[in-house]
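Architecture at a glance
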Amino acid sequence: MEYILLYPETHRHLGLFADLEDMPNVAMFSIELPELNNAFLHFLRRVHTSWTINRYIPLPFREKWYVKPEMNIERNKEYCVIVLDGAMKGLKSSTLNELFVKDNVRGVLVLINSLEASSIAILENRKKFEKANWDAVYTFDFGDAEKYGYKYLGNCYYSKHDMPLACEKFPDEETSDIYFAGGLKGNREDLIISVFEMMEQNGIRTNFNLSVSGTRRLEHNRYADQIRYQSGRWQPYDKILAGVSQTKVILEILQKGQNGPSLRYYEAVCCNKRLLTNNPAAVNLPYYDAGFIKVFHSAADIDYDWIKEDITGEYHYSGEFSPKYMLKRVLED
C-alpha cells in the first residue's frame, strides 16, 4: 500500500507526523500558504482567508491561495489518501472526489479535533468534510465516534520529540511546578484563569502560556504581567517542550465538548511528567496511572500539595502513539 498524507502546516510545525518522513511508501504534503512578495496580494490573501471574516461571510475559492499537492497516482499500485481535518482549508471536495472514485484509491478523513468543540479546523471546514465521498472517517474523539458513527482512531498520531534538543534551543525557559500552554478557545478561559488564581494562592510556581486569535485579541488579557499571552504567530513547539521539560506537572484543560486528549497528555507520557487534567476520560487512556495522572473538575478540588511534590512520572512508554500505527488503522473497516 502506498500512502499519501495531506496535513495542515500546523501539524508540520508541531512535528506530529515526523515518524513518517523517512518511510518510502509515504508521500507527505503540507497544505500551506506560499510566500508572497507582493504586499497587496499578501493583504488580499489575509482578508480572503481570515476566519474572523469567513465565519460571518463565507468567501468562495479560498483554497486557491494554498500550495497544491502534486499527487502521482499510478494504475498498478494501491493508494490510501489520508486527509487531516485542518488540511481541508486548502483542498476542494470535488477534487478529492475525482481522486476517490478511482478503484485503486481509498480516501479517508482523520479528525484530530473534536466536532463538538470550537477548533477553527472544524468550524471552517466542516461543510467541506460533508461534501467529500470518504471511504471512512476516523476520529481521535471517542464521543464523536459514538455520536456520528465514525471509526475511533485511538492515540496513534503523535511522534515523540527530542527533548534535550528542545532545551538546547530554549535554554532560558523557566522552571515551574506546573506548566500550561493552549489557546483561549472552546469556553475554557474562565476555568484556566480560576486554576491560575488558585495556583498562585497556594504558592505554586506557574508557567502559563496562552495564545489568542481573532476578535479575542482586542479584549483585555487578565494577569498579563504573570501569564504569557501570544498572538499573530505560533509559539515554537520546541519552546513548549522546553517548558514541559522544566516543570513538575503538566496542566491539561480541554475545550468544552472535547473528549479526546490534547497534546499535553502525550507530552506527559513521552516525557515522564505528571499530568493534571480536566478530562474524565483520562482514566481510560493508555498509560493511565493514578499516581501520575490526576483528574479535576474545578480549581477547588485540585490537590495542590501533590503538585509541589518531587515525583517523576514513570510510564515506560514504548512508542504506541507513533503515526506509523495510524497507517494500519486507516485500512480497517
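Residues numbered from 1 in each chain as written. Predicted model: local features only at pLDDT ≥ 70, side-chain atom pairs only at ≥ 80, totals over all residues. Heavy atoms only, no water.

Structural notes on helix 10 (residues 237–245)
- Of all nine residues in helix 10, seven are buried, a share of seventy percent or more.
- What helix 10 keeps buried is the set Tyr237, Asp238, Ile240, Leu241, Ala242, Gly243 and Val244.
- Residues of helix 10 that are buried in the fold lie against helix 1 (9–14), helix 8 (163–169), strand 7 (176–183), strand 10 (247–252) and helix 11 (263–271). (Buried < 20%, exposed > 50% of the residue type's maximum accessible area, 1.4 Å probe, protein only. Helix = DSSP H or I, 4+ residues; strand = E, 2+ residues; numbered from the N terminus. Contact = heavy atoms within 4.5 Å.)

Examining the pairing of strand 11 (residues 274–277)
- Neither face of strand 11 is exposed, since Arg274 and Leu276 on one face and Leu275 and Thr277 on the opposite face are all buried.
- Examined bridge by bridge, strand 10 and strand 11 share four bridges and lie parallel to one another. From the neighbouring strand, Ile250 faces strand 11, where its bridge partner is Leu275.
- In this fold, strand 10 hands off to helix 11, which returns the chain to strand 11; that crossover is right-handed.
- Both strand 11 and strand 12 (residues 293–295) contribute to a ladder of three bridges, which runs parallel. From the neighbouring strand, Leu276 faces strand 12, where its bridge partner is Lys294. (Pairing = 2+ DSSP bridges. Right-handed = clockwise from strand over helix to strand, strands pointing away.)

Brief notes about the pairing of strand 4 (residues 105–111)
- Within strand 4, seven of the seven residues are buried, which leaves it mostly tucked inside the rest of the structure.
- Here strand 4 shows no split at all, with Val105, Gly107, Leu109 and Leu111 on one side and Arg106, Val108 and Val110 on the other all buried.
- Pairing of strand 3 (residues 79–84) with strand 4 involves six bridges; the strand directions are parallel. Counted as the bridge partner of Ile82 is Val108 from strand 4.
- Of the crossover connections in this fold, the one passing from strand 3 over helix 4 (residues 93–100) to the parallel strand 4 is right-handed.
- Across four bridges, strand 4 lies against strand 5 (residues 136–139) in parallel orientation. The residue of strand 5 that forms the bridge with Leu109 is Val137.

Quick word on the sheet that holds strand 6 (residues 151–152)
- If you trace the six strands from one edge of the open sheet to the other, you get 2-1-3-4-5-6, paired in parallel fashion. In the strand order of this sheet, the two ends are held by strand 2 (26–31) and strand 6, each with one partner.
- Both strand 1 (residues 2–8) and strand 2 contribute to a ladder of six bridges, which runs parallel. Opposite Tyr3, over in strand 2, you have Val26 as the bridge partner.

Here's the deal with helix 2 (residues 39–49)
- Within the span of helix 2, buried status applies to Arg45, His48 and Thr49. The buried residues of helix 2 occupy an angular sector of 80° when projected down its axis, which confines them to one face. Summarising the geometry of helix 2, the exposed residues directed more than 90 degrees from the buried face are Ala39, Phe40, Phe43 and Arg46.
- Where helix 2 is buried, its residues touch helix 3 (51–54).
- A side-chain oxygen of the first residue of helix 2 lies 2.9 Å from the backbone nitrogen of Phe40; this N-cap is Asn38. (Arc of directions from axis to C-beta. Polar contact = N/O pair within 3.5 Å; in protein donor to acceptor, adjacent residues only side chain to side chain.)

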